[in-house]
Amino acid sequence: MDKFEAENYPDSNGHFGAYGGRYVAETLMPALLELEKAYYDITPDPAFQDEFHGLLHHYAGRPTPIFHAKRLSAHLQGASIYLKREDLAHTGAHKINNTLGQALLARWMRKKKVIAETGAGQHGVATATVAALFGMECNIFMGTEDIRRQAANVQRMKLLGAEVTPVESGTGTLKDAMNEAMRYWVGAVQDTFYVIGSVAGPHPYPAMVRDFQKVIGEEARGQISEEAGGMPDMLIACVGGGSNAMGLFFPFINDTVEMVGVEAAGKGVETGKHAATLGAGSVGVLHGSKSYVLQDENGQIQEAHSISAGLDYPGVGPEHSLLKDLERVRYVAINDSQALEAFQTLCTLEGIIPALESSHAVAQAMIEARRRPKGDVIVVNLSGRGDKDLGIVNQNPELGS
Amino acid sequence: MDKFEAENYPDSNGHFGAYGGRYVAETLMPALLELEKAYYDITPDPAFQDEFHGLLHHYAGRPTPIFHAKRLSAHLQGASIYLKREDLAHTGAHKINNTLGQALLARWMRKKKVIAETGAGQHGVATATVAALFGMECNIFMGTEDIRRQAANVQRMKLLGAEVTPVESGTGTLKDAMNEAMRYWVGAVQDTFYVIGSVAGPHPYPAMVRDFQKVIGEEARGQISEEAGGMPDMLIACVGGGSNAMGLFFPFINDTVEMVGVEAAGKGVETGKHAATLGAGSVGVLHGSKSYVLQDENGQIQEAHSISAGLDYPGVGPEHSLLKDLERVRYVAINDSQALEAFQTLCTLEGIIPALESSHAVAQAMIEARRRPKGDVIVVNLSGRGDKDLGIVNQNPELGS
Amino acid sequence: MNRLHDMFENLKQKKEKALVGFVTAGDPDISVSLRMIISMCKSGVDILELGIPFSDPTADGPVIQRSSARALANGVSLGKVIGMTKKIREETDVPIILFSYYNPIHAYGNARFYQDALEAGADGVLVVDLPPEEADEMTDTWAGDGLSLIRLVAPTTPGERMKHIAESASGFMYLVSKTGVTGSDGLDTSEIGQHTELLRSVTQLPICVGFGISTPEDVAAVAAVADGVVIGSAFERLIEDNLDNPDLVSIITERVCEYKAATKL
Amino acid sequence: MNRLHDMFENLKQKKEKALVGFVTAGDPDISVSLRMIISMCKSGVDILELGIPFSDPTADGPVIQRSSARALANGVSLGKVIGMTKKIREETDVPIILFSYYNPIHAYGNARFYQDALEAGADGVLVVDLPPEEADEMTDTWAGDGLSLIRLVAPTTPGERMKHIAESASGFMYLVSKTGVTGSDGLDTSEIGQHTELLRSVTQLPICVGFGISTPEDVAAVAAVADGVVIGSAFERLIEDNLDNPDLVSIITERVCEYKAATKL
Ligand SMILES: Cc1ncc(COP(=O)(O)O)c(C=O)c1O
Ligand SMILES: Cc1ncc(COP(=O)(O)O)c(C=O)c1O
């Protein structure tokens, strides 16, 4: 395996090898260039970093702990599984790390309005949260179908003072919400900061979101050395857009640790109803960057399918595409029922209700742990809590209750 | 004000001055004596404490941060408000501190089954959680009315593997659930550990729960010194049974800091539809200990009323009764609409959705902060997050959305 | 005069055991309750346990819970039960034990309670949730020892503690037949025998056994080892099944006779 | 032969401005679309912008979104649009600009696209989401310079960047009239004047202005400052309002004439 020289990516045009870039309307280019400059000039500023890390600590509740899931590990009779507890972060998922970073940057850039797209509503809630914290106007774009499915998160956003704009176009899900957010941004770009929720979108978002999320891996590195006495053997994270995975992986990227990204196989990759972009997609351009996408032979983007709304996206962050090609990360897919089984297992063995997104990572960890000796250490990113998924799980006859 | 010598309470019979004690059926007395012995012998054991604090750290996510609510403070133009973020603890409230402690003690005592009562479901979820973590059988008693009102928490408990036993008697709320848990315990006392959810119940529960919760105040002491450069001027916490309040107050009890306990005034103390036990109750015996209770002139316990299910209880921990008589803590009451207003204010100014219980403390903090100079520091215990309350808040026409 | 002591002596001579009858005062209503209780006392109940209804009866099973709730709905209070006691006493010499949770007594006032209960003709009080550890606060206010404080011993009570409890007891001792609330089933008479024997080794007082005894056969089995047999939920169930039945009093009375017969060795 | 260059020269002599007409290829269906487009070209459209439908048209307002969706539902693909181009070219010499998002072209293959589009008779391509920073990956694969890559300049584009964009442009320059997606309203003709002037200072190429132009009055106002006026959503709205109307082609054609009239100074 080639050594992945993280510091070379992205290049000065925002490319991760063949991926990334800025495929957007000219109207947005100046804003992206301004943002890129702010990203390179402001975010490394120690004053910015102090403020960011102060908020991560006092507001978001970082560091999140790492927890040795002893009963789960014993049950699997293999490697030791450690959970990085992003479920304990304020608002219930890793998303807050990134929204704090971006909203703070928006404030440094003197923007007074933020917008965001959301699918499951987690990124929308996290954005509405920081908008309230900073006293900014906030408009969240959300598909009408998702609004129906995720009513509690819609209510949370509204309580936090955000406007939620229903998106009727397409299938009324995340992809359409992102389309609409970009459309809105085109018209309001001068005073509006677009807070993208994953390591997707045009440069500098993929790099910037990764940098705001890499605190996950930085903490985990220190914690696992302390808890397990060394580097882990494997890292596992689910991949929707790929932000929680990049956040965990990036600080380990030059270490000799195996990394596994877990996409959603939905009803099964073979059925076509899945969200395994890296596993079953092809290279294309969506939402401003080049990466693997789910598309037909004519370059039309296809619908994704997953029980987990946060993985239900036909694109993926460009850096993951590079990591896949370099074989630095292995990408696999877990289907709906495997995810549900892992969900239930973690509930009953460890007393932790994971997000359905994170359950995909747990499911893969269960497979990997069984295959590996007891001494091995696997770190799983528990990207979020499952409270938001109770309605979906409730409808699932497989989970008796 | 007399100095309150915390170390004198409870006495060897579990009395806090005139309060506390063990008013239970003889069948339970031996179990309580066994528990008392375990509490005095086992819980101070460094091995127990290590395990307890290890779980608090790695599992529950402690220390929870203390957060300077700058926008709220600025809005009030008075004292600085700091929030102790128990809402970030695993399962979403301070309740987990106590259930971890009790379940761990149960394990040291080789009990294989735990039971608990629950109202809003927070303590039930926290108990089901630790039961899953320790692989114990778990039975949660919950009133039928509360089961209806708090469906999401019922689902969480079931997902965690607990049995939820509906309690039809009385008004089907917390008081009845506790009655039924005690009845069940009488029949199963030999192998069953009863995990009580607040600083109520017979000795040693009030002392033990306080000791498991005092980590809140211990952390806050260190954190506020660091953040604000000294002792706070005032501590504020809501009081249902009183565990989050005791947890915050206890480590400060011999300091010169004002303390305010906030009960629920429901529709107004004057209407009789309230839960202001200390404010409007009288001394009596309920659920195994002597304390203030809401009762009629014949000693029949009265129904409590509060928009917040966790404060909707006609009793209160005996130590609070003592602290009231000693005037060491000032007890006030906040009504439903004041709590809702504080709820909304915290949502929109700080991006934090507080539990309705905690909103009572925030409401009082808003009153106190306005009255005090800018330099003053008020620490509010944000005992839990409000996700569980979205349904209730949604029904409230006062909160436009 | 000590009605309790005399009663046990009297029964001993007749080679009978005491039938201890529990009913909640004021259920189904105060006047029927009074008539029923007096009839019970006249037809075989040797000791009356008169239950004071409480809103939160944590030691009782569903049958007594419901009976308590009905009585409360009828406005029964401790004061009214003392009034009923007075009326019962006018009609019978059967010893009367007031059976209560502590809070209603505490609310009434401990000293006042002693005075009024004694005056009304009560002989003792059994406070379900007042173990010896807490009992002094009540008895210390009492102006004499005219009322017996009946002590309970449970299957979970260890020997040492039994002894300690017995030391401060008077009247008789109440042995709880099994762990669990009132009215729960699964009577184990051999276990009761063992517990009774153990208790006898630490006390001279008569021993009455209660909780979960419902058939005349149960009564006979318990009567074989104890000095008294307490029937509570079984009466209450009968009351509940005949709430609107004009024959309630005679139905209960008949049942008393059946039980009483079973207490004769 | 350069149809674009010749067309602008020709118009200049006639003291007319170019009417640039955008329609999504294949809406309402391929055959009606073809008939309509040919009629438009014959009755006043000076440059045809032929829209290739895309599933995720992030730069377009609702009208063009819906038209795209209808075309996709009809099975329109880039390949089919190239086929349509060939048929249009058989009937008219009007310059044809293929208007696309990048992904369909990328999926088709950049080199193949150049070849096939040119062969079919296209004159240029405008890729909405391919700014100069990313354009080389496409043009580097092109086997010649037979297709103009039309560059866009927006109101947000700063002067320095405008200059840079202009340097690599050919055919004409597309000036976006305002921030916002296609079809949004609120045209500010004085601002357009300023932007056009600024753009003229950095390029010799003709300047066409588009986005949000809908009435003949708008056309006249823009024609006063620019070299071409792009009409897109206004046509699409008309199509949408007459989807099942057998007179659709003549209705659109009539509208073309009205617009065309407004381009004559
Ligand atoms: C808990 C959780 N995990 C994971 C994801 C997927 O996003 P990403 O792949 O960017 O981490 C989401 C998105 O909503 C989420 O809510
Ligand atoms: C968030 C929260 N705060 C406070 C309380 C009240 O309990 P206590 O007074 O024991 O802290 C509850 C009880 O459910 C709760 O859930």
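Cut-offs and rules
- Residues numbered from 1 in each chain as written.
- Chains lettered and ligands numbered in written order.
- Predicted model: local features only at pLDDT ≥ 70, side-chain atom pairs only at ≥ 80, totals over all residues.
- Heavy atoms only, no water.
- Least-squares fit on C-alpha atoms with pLDDT ≥ 70 in both.
- Contact = heavy atoms within 4.5 Å.
- Helix = DSSP H or I, 4+ residues; strand = E, 2+ residues; numbered from the N terminus.
- Pairing = 2+ DSSP bridges.
- Axes fitted to C-alpha atoms, helices over the stretch in contact; angles between N-to-C directions.
- Salt bridge = Lys/Arg side-chain N within 4 Å of Asp/Glu carboxyl O.
- Buried < 20%, exposed > 50% of the residue type's maximum accessible area, 1.4 Å probe, protein only.
- Near = heavy atom within 4 Å.
- Polar contact = N/O pair within 3.5 Å; in protein donor to acceptor, adjacent residues only side chain to side chain.
- Areas by Shrake-Rupley, 256 points an atom, 1.4 Å probe, with all protein chains shown as cover.
- Nonpolar A, V, L, I, M, F, W, Y, C, P; charged D, E, K, R; others polar.

Q: Hey, could you run me through the relation of the copies chain A and chain B in this one?
A: These two copies of the chain differ by a rotation about an axis and a displacement along the same axis. For these two chains of identical sequence, chain A goes onto chain B by a turn of 180° and a shift of 0.0 Å along the axis, with RMSD 0.0 Å. A rotation of that kind, with that shift, is consistent with a two-fold axis. Residue leucine 88 of chain A of chain A places its C-alpha closer to the rotation axis than any other residue of that unit, at 3.0 Å. A share of 100% of the interface residues of chain A reappears at the interface of chain B, consistent with the copies meeting face to face through the same patch.

Q: Just checking my understanding: could you explain the side chain of histidine 123 of chain B for this structure?
A: Within the element layout of this structure, histidine 123 of chain B appears in helix H5 (residues 122-134). Setting aside chain neighbours within four positions, we find histidine 123 of chain B in contact with Lys95, Asn98, Thr99, Ala116, Glu117, Thr118, Val195, Ile196 and Gly197 of chain B.

Q: Is there a simple way to explain the sheet that holds strand S7 (residues 163-167) of chain A in this structure?
A: Pairing between sheet strands relies on hydrogen bonds along the backbone, with the strands arranged either parallel or antiparallel. Residues and elements named next belong to chain A. Pairing within the open sheet is parallel, and its four strands lie in the order S7-S6-S5-S8. Only two strands of the sheet have a single partner each, and these edge strands are S7 and strand S8 (192-194). Adjacent strand axes in the sheet meet at a mean angle of 25°, parallel and antiparallel pairs treated alike. Strands strand S5 (113-118), strand S6 (137-143), S7 and S8 of the sheet are contacted by helix H8 (residues 174-188), whose axis makes an angle of about 160° with S5.

Q: Help me understand the pattern of salt bridges, please; the structure alone is not making it clear to me.
A: Pairing is possible between side chains that carry opposite charge, provided their charged atoms lie close to one another. By the definition in use, this model includes 77 salt bridges over all chains. A salt bridge links glutamate 26 of chain A to arginine 161 of chain D, with the nearest nitrogen and oxygen atoms 2.8 Å apart. With glutamate 26 of chain A in the loop between strand S2 (19-20) and helix H1 (29-41) and arginine 161 of chain D in helix H8 (residues 159-167), the pair connects residues from two separate chains. Owing to a relative accessible area of 5%, glutamate 26 of chain A belongs among the buried residues under this scheme. Residue glutamate 319 of chain A is joined to arginine 210 of chain A by a salt bridge in which the shortest nitrogen-to-oxygen separation is 3.1 Å. Remark: arginine 210 of chain A occurs in helix H9 (residues 205-213) and glutamate 319 of chain A occurs in helix H13 (residues 318-325); sequence separation between them is 109 residues. Under the relative-accessibility criterion, glutamate 319 of chain A is labelled buried at 2%. With a relative accessible area of 4%, arginine 210 of chain A lands in the buried category. One salt-bridge network, held together by shared partners, links Glu258, Arg330, Glu368, Arg371, Arg372 and Asp376 of chain A.

Q: Got a minute to help me understand the site of ligand 2 in this structure?
A: All names here are of chain B. If you check the shell around ligand 2, you find 18 residues, and the closest are Ser198, Gly240, Gly242, Ser243 and Ser383. For ligand 2, an oxygen atom lies 3.0 Å from a polar atom in the side chain of histidine 94. Take serine 383: an N or O atom from its side chain is 2.7 Å from a nitrogen atom of ligand 2. For ligand 2, whose accessible area on its own is 390 Å², the fraction buried by protein is 96%. Each residue belonging to the shell around ligand 2 can be placed in one class, and the counts come to five nonpolar, eleven polar and two charged.

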